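# Structural description and commentary
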Amino acid sequence: MATFRDELELKGDPRRVDDAGVERLDRALAAAAGVPVERVLHAIDPRRVLAFQAGGPPVWSVAVAPCADGGFLFLTYGLSRAVEPDARFEHELSLRAPAAPNGQPPQWPTFLLRQLCRYQITSGRELRVGDPMSFGKSITRAAMAPQHEASMPDSPLTTVAVVADPAIEGARRVVGLRPEEHALAELWSTAGLMAELAKRDPTLETDIRRGSWADDAELRAAVEAGAKREGSQTGAMVIAGLRWREQGAEGVV
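In short, a report on the structure. Residue positions within a chain follow its written sequence, with the count starting from 1. This being a predicted model, a pLDDT of at least 70 is required before a residue's local features are given, and a value of 80 or more before pairs of side-chain atoms are given or counted; all residues contribute to the totals for chains, interfaces and linings. To get the side-chain values, all heavy atoms of the structure are used, and hydrogens and water are removed first.

## Description of the overall build of the protein
What counts here: Every helix listed is a DSSP run of H or I at least four residues long, and every strand listed is a run of E at least two residues long, numbered separately from the N terminus. Only protein chains enter the accessibility calculation, which uses a 1.4 Å probe; a residue whose area is less than 20% of its type maximum is buried, one above 50% is exposed, and one in between is partly exposed. Contact between two residues is taken to exist if any of their heavy atoms lie within 4.5 Å; hydrogens are not considered. For the area figures, the Shrake-Rupley method with a 1.4 Å probe applies, and any residue is considered shielded solely by the protein chains shown.
The number of helices and strands found in the protein is five helices and seven strands. In the protein, the succession of helices and strands from N to C terminus is α-β-β-β-β-α-β-β-β-α-α-α. Counting the 253 residues in the protein, one finds 43% classified as buried. Once local pairs closer than 6 in sequence are excluded, the contacts in the protein between residues at least 24 apart make up 59%. Counting only carbon and sulfur atoms, one obtains 51% of the accessible surface of the protein, whose full area is about 13,900 Å².

Rendered as structure tokens:
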């Protein structure tokens with residue numbers, strides 16, 4: 001077996017990390033996955049010793065653990081003050097996905113979660129429970145540079161919804177949605193749709209190869225009933241071709 005060695009010099013302010021916080025998250029992730037803590041693995045980036053402002057990654061790590069009932073559970077470390085005392089948020093992000101075709105953890109969740117953390121840190125906008133975020137492309141490729149998109153699998157899932165993690169306190173689960181599923185949420189609310197989906201899949205797994213939940217007649221009926229009962233909680237909607245203009249005495253049309 002060939003051995004390769006690379007050397008790099010890292011300059012800048014160091015990242016402050018609470019080791020006790022890392023251990024607590026390790027135990028929480030392992031418990032949520034139903035495996036011993038020794039099964040938790042971290043994606044190691046040498047630059048993580050640097051603070052984000054000094055060129056380090058947005059979070060100290062994204063860890064993954066195999067779930068006892070199949071699939072893999074991913075969790076960020078460092079978006080919250082539980083791991084990084086200098087962080088501005090109180091939550092971490094998680095995502096559960098089936099194994100890749102080779103049986104190993106898929107790579108795209110790590111890149112997606114890092115990108116979502118980067119978005120929150122740089123914009124100052126918190127992804128709250130009930131929030132959706134649409135990318136206009138597959139969530140598996142949303143975090144990749146155009147020249148590297150083909151290295152990740154494609155998927156019809158183009159939106160993520162944020163819900164409370166069902167098993168990790170202080171974490172928010174990211175769940176992938178198809179465009180037609182996101183459209184259902186806009187009729188009512190993302191929180192309402194996700195509550196209905198959790199009844200069907202309590203694990204809240206993001207399977208990029210699954211069919212469309214919008215084809216579930218009972219789910220559609222539940223969304224329509226919720227919209228009739230509560231109205232739509234969508235704050236704004238983009239409609240292609242719609243314009244406003246002033247037209248004399250007729251006012252705005």
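Moving on from the model shown.
## Things to note about unusual backbone geometry
Of note, L204 is a non-glycine position whose phi angle comes to about 50°, a positive value. As for its position among the elements, L204 is in the loop between helix 4 (190-200) and helix 5 (217-230). Accessibility expressed as a relative area gives 7% for L204, which makes it buried.

## Here's the deal with the pairing of strand 3 (residues 72-77)
To keep things clear, this is the line we draw: Two strands qualify as a pair provided DSSP detects at least 2 bridges between them.
Across the six residues of strand 3, six count as buried, placing the element largely inside the fold. Neither face of strand 3 is exposed, since F72, F74 and T76 on one face and L73, L75 and Y77 on the opposite face are all buried. Sheet analysis places strand 2 (residues 61-66) next to strand 3, joined by six bridges and oriented antiparallel. Bridging from a neighbouring strand, A63 pairs with L75 of strand 3. Taken together, strand 2 and the strand that follows it, strand 3, pair antiparallel across an intervening segment of five residues, in which G70 is found at a positive phi of about 105°. As judged from the four bridges shared by strand 3 and strand 4 (residues 92-97), these two strands associate in the antiparallel manner. Paired with L73 across the bridge in strand 4 is R96.

## Describing the environment of L197
Take L197: it is sitting in helix 4. Here the alpha-carbon distance between L197 and L219, two residues 22 residues apart in the chain, equals 7.9 Å. Discounting residues that sit within four places of it in the chain, L197 has contacts with L177, W213 and L219.

## Quick notes on the side chain of E196
Counted only if it meets this: By the criterion applied in these results, polar contacts are pairs of N or O atoms within 3.5 Å in which, for protein atoms, one can donate a hydrogen and the other can accept it, and in which residues neighboring in sequence qualify only through two side-chain atoms.
Note on placement: E196 falls in helix 4. Looking at E196, the relative accessible area reads 12%, which means it is buried. Within the structure, E196 has its side chain in polar contact with the side chain of K199 (distance 3.1 Å). Once residues within four sequence positions are removed from consideration, E196 is found in contact with W188, L219 and A222.

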